[in-house]
Amino acid sequence: MAAAQPLIPRLCVIGVGLIGGSLARAIRQAGEVGEVVGAGRNEDNLRAAVRLGVVDRYDTDPARAVAGADVVVVAVPLGAIEPVLRAIVPSLSPDAVVTDVGSAKGSVVADVERIYGHVPPNFVPGHPIAGTEKSGVEASFATLFQRRRVILTPLAETAAAAHRLIRRMWELTGAEVVDMGVRHHDAVL
């Protein structure tokens, strides 16, 4: 009998720091990911991510890193989201689900609209309300999101299946996942 397929056969995390690294660790600990590919600019950090078992492999070119990914998590600072998305769009699989961890959803949605001309159905904006005073992959840990809130801000264009997948991904980390409108999120937070 064949083993069950994990929820996410190939996960690409762009920005393997505290948030991205902790998410990768938590999904791996839950046994619901096949391969984890890391991407970022700091090769020392990426090598540490491999050494620590946070990612299986890495690439400093985000476009190469996302090739064949089922889920892409963009875990970079807000100002870097647009250039990262612009770089990866040509290499994304048509069915790849993309999410982010940015703290301001309006600006991220505006970035996506500038790049695509619309919001694609497989884009699910997200914001984990978690962190510590430390940063980098060495500060990441699998339980960071337990009993923390993760806010998803799906849009009218967001496909129900993509929304369910990202909700389930965050639930596997032990987070409480809530949905909120983009404007409401940005007003509250």
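Section: the overall build of the chain
Moving on, step 1. For the chain, the count of helices and strands is seven helices and nine strands.
Moving on, step 2. With the C-alpha coordinates aligned to their principal axes, the bounding extent of the chain is approximately 40 × 40 × 35 Å.
Moving on, step 3. Within the chain, buried positions represent 49% of all 189 residues.
Moving on, step 4. Intrachain contacts of the chain at a sequence separation of at least 6 include 74% that bridge at least 24 residues.
Moving on, step 5. Averaged over its 19 positive side-chain charges, the chain has a centre that lies 4 Å from the centre of its 20 negative ones.

Section: the sheet that holds strand β8 (residues 149-152)
Moving on, step 1. The three strands are arranged β7-β8-β9 in an open sheet whose pairing can be described as mixed. Every other strand in the sheet has two partners, leaving β7 (126-129) and β9 (176-179) as the edge strands with one partner each. Put simply, the sheet's adjacent strands are angled 20 degrees from each other on average, direction ignored.
Moving on, step 2. Of the pairings in the sheet, the one linking β7 to β8 comprises four bridges and is antiparallel in character.

A word on the pattern of salt bridges
Moving on, step 1. The full count for this structure, using the stated rule, is 17 salt bridges.
Moving on, step 2. In this structure, Glu35 and Arg10 form a salt bridge, with 2.7 Å as the shortest nitrogen-oxygen distance. Of this pair, Glu35 sits in strand β2 (residues 33-39) while Arg10 sits in strand β1 (residues 8-14), placing them 25 residues apart in sequence.
Moving on, step 3. The closest approach of N and O atoms between Arg114 and Glu82, which form a salt bridge, is 3.3 Å. On the criterion of sequence distance, the pair formed by Arg114 in helix α5 (residues 105-116) and Glu82 in helix α4 (residues 78-88) is long-range, its members being 32 residues apart.
Moving on, step 4. Shared partners join several salt bridges into a network, and the residues in it are Glu82, Arg86, Asp111 and Arg114.

Side note on the pairing of β8
Moving on, step 1. Of the pairings in the sheet, the one linking β8 to β9 comprises four bridges and is parallel in character. Directly across from Leu152, in β9, lies its bridge partner Asp179.

A short note on the nonpolar core
Moving on, step 1. In terms of nonpolar packing, the biggest core is built from 35 residues, with Leu11, Val16, Val71, Val73, Ile166, Met169 and Trp170 touching the most fellow members.
Moving on, step 2. When residues of this core are traced back to their parent elements, those giving at least two are β1, α1 (18-29), β2, α2 (43-51), β4 (71-74), β8 and α6 (160-171).
Moving on, step 3. Not counting residues up to four positions away in its chain, the partners in contact with Leu11 are Val33, Glu35, Val36, Val37, Val71 and Val73.
Moving on, step 4. In this structure, Val66, Val74, Ile81 and Val109 belong to the second largest nonpolar core, which totals 24 residues.

Conventions adopted
Residues numbered from 1 in each chain as written. Predicted model: local features only at pLDDT ≥ 70, side-chain atom pairs only at ≥ 80, totals over all residues. Heavy atoms only, no water. Helix = DSSP H or I, 4+ residues; strand = E, 2+ residues; numbered from the N terminus. Buried < 20%, exposed > 50% of the residue type's maximum accessible area, 1.4 Å probe, protein only. Contact = heavy atoms within 4.5 Å. Lys, Arg positive; Asp, Glu negative; His and termini not counted. Charge placed at Lys NZ, Arg CZ, Asp CG, Glu CD. Pairing = 2+ DSSP bridges. Axes fitted to C-alpha atoms, helices over the stretch in contact; angles between N-to-C directions. Salt bridge = Lys/Arg side-chain N within 4 Å of Asp/Glu carboxyl O. Core = buried A, V, L, I, M, F, W, Y, C linked by side-chain atoms within 4.5 Å.

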